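Tertiary structure, described
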Amino acid sequence: MYPVQRSGRRLGLRELTVDDVDAVLAVYGDPRVTEHLSFEPRTREQTGQIVARSVASATAQPRTEYALAVVTSPSGRLIGFARLATDPHQQRAATMGFALRPDAWGTGHGTETVRLLLALAFEDLALHRVWGARSPLNTASARTMAAAGMTEEGTIRGHVQKAGRWRDSVVHAILAEEWEPRPPSSPARGG
């Protein structure tokens, strides 16, 4: 499926372009954003490589990764990065993740971003299961995924190595039959 274009009440998802490097760097280069992610802050060069890979993977056949810009409506300003990747180890399943600029935190944008990813997964791609993993210390992400309808399933011990230390991850997931789409005009709950 290309190009992806999903709109919510205040946000949208769109394909990344090579012109998005600096806006993505404002997300992935910020140590506050990457504190709970699986990697350290990225440099501009690293971010450029991520964007280039994302742009190239968008037209792959079959498409297995949806690395998308999270943009505000109607301005189109990039405030985050969202990713949905099919899971080769599970039938009709995908992993998801997202990161937003700190100035977008605490506004409900995280919940709306996750709901847009889930709509893509269940309504457009007809997937059965979507799961995401978070740092045990990232309670904001736990609230966001719960508000989007995801269920905390358990802990993967020693899942991520960062700064020379192993860290657990807490898994949240949702099944297609649990997904509750909302009309675009409905306010998102929580987050």
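Let me begin by describing the structure that accompanies this report. Throughout, residues of each chain are indexed from 1 in the direction in which the sequence is written. Since the coordinates come from a predicted model, pLDDT governs what is reported: local features require at least 70, and pairs of side-chain atoms require 80 or more to be given and counted, while whole-chain, interface and lining totals use all residues. Only heavy atoms go into the side-chain values, all of them from the structure, while hydrogens and water stay out.

Let's talk about the packing of aromatic side chains
This is how it is decided: Any two rings among Phe, Tyr and Trp, with Trp reduced to its six-membered ring, count as a pair given centres within 6.5 Å; such a pair is stacked if its planes are under 30 degrees apart, edge-to-face if over 60, and tilted if neither. Think of it this way: any DSSP run of H or I at least four residues long counts as a helix, any run of E at least two long counts as a strand, and we number them from the N terminus. The buried label goes to any residue with under 20% of its type's maximum accessible area, the exposed label to any with over 50%, and the partly exposed label to all in between, with areas taken from a 1.4 Å probe on protein chains only.
Per the counting criterion, the structure on display carries three aromatic pairs. Measuring from ring centre to ring centre gives 5.0 Å for Tyr28 and Phe81, while their planes differ by 50 degrees; the resulting arrangement is tilted. Here Tyr28 is found in helix α1 (residues 21-28), whereas its partner Phe81 is found in strand β4 (residues 78-86), with 53 residues between them in sequence. Both residues of the pair, Tyr28 and Phe81, belong to the buried class. Relative to Trp179, the ring of Phe122 lies with its centre 5.9 Å away and its plane at 35 degrees, an arrangement referred to as tilted. With Phe122 in helix α4 (residues 109-124) and Trp179 in the segment after β8 (165-175), this pair connects stretches of sequence that are 57 residues apart. With respect to class, Phe122 is no different from Trp179; both count as buried. A network of ring pairs unites the aromatic residues Tyr28, Phe39 and Phe81 as a single cluster.

A closer look at the nonpolar core
Looking at soluble globular proteins, one finds that nonpolar side chains tend to be buried together. This is how it is decided: We call a set of buried Ala, Val, Leu, Ile, Met, Phe, Trp, Tyr and Cys residues a nonpolar core when their side-chain atoms join them within 4.5 Å. Throughout, a contact is declared for two residues whenever any of their heavy atoms are within 4.5 Å.
By size, the foremost hydrophobic cluster in this structure holds 29 residues, and its most contacted members are Leu84, Met96, Leu118 and Val130. Of all the secondary structure elements, the ones that give two or more residues to this core are β2 (11-15), β3 (65-72), β4, β5 (93-100) and α4. Leaving out residues up to four positions away in the same chain, Val130 has contacts with Leu84, Ala94, Met96, Leu118, Ala121, Phe122, Met150, His172, Ala173 and Ile174. Counting residues in each nonpolar core, the second largest holds 16 residues, with Val27, Phe39, Ala67 and Ala99 among its members.

Focus on the side chain of Arg63
Note the threshold: Definition of a polar contact: a pair of N or O atoms within 3.5 Å, with one able to donate and the other able to accept a hydrogen when the atoms are protein atoms, and with sequence-neighbouring residues admitted only if both atoms are side-chain atoms.
With respect to the element layout, Arg63 can be found in the loop between α3 (44-57) and β3. Side-chain polar atoms of Arg63 contact the side chain of Glu15, separated by 2.8 Å.

Details of the pattern of salt bridges
Applied cut-off: Only one rule defines a salt bridge in this text: a Lys or Arg side-chain nitrogen within 4 Å of an Asp or Glu carboxyl oxygen.
Scanning all chains against the criterion turns up 12 salt bridges. When the shortest N-O distance is used, the salt bridge between Arg32 and Asp30 registers 2.7 Å. In this structure, Arg101 and Asp103 form a salt bridge, with 3.3 Å as the shortest nitrogen-oxygen distance. Residue Asp103 is classed as partly exposed on the basis of its relative accessible area, which comes to 47%.

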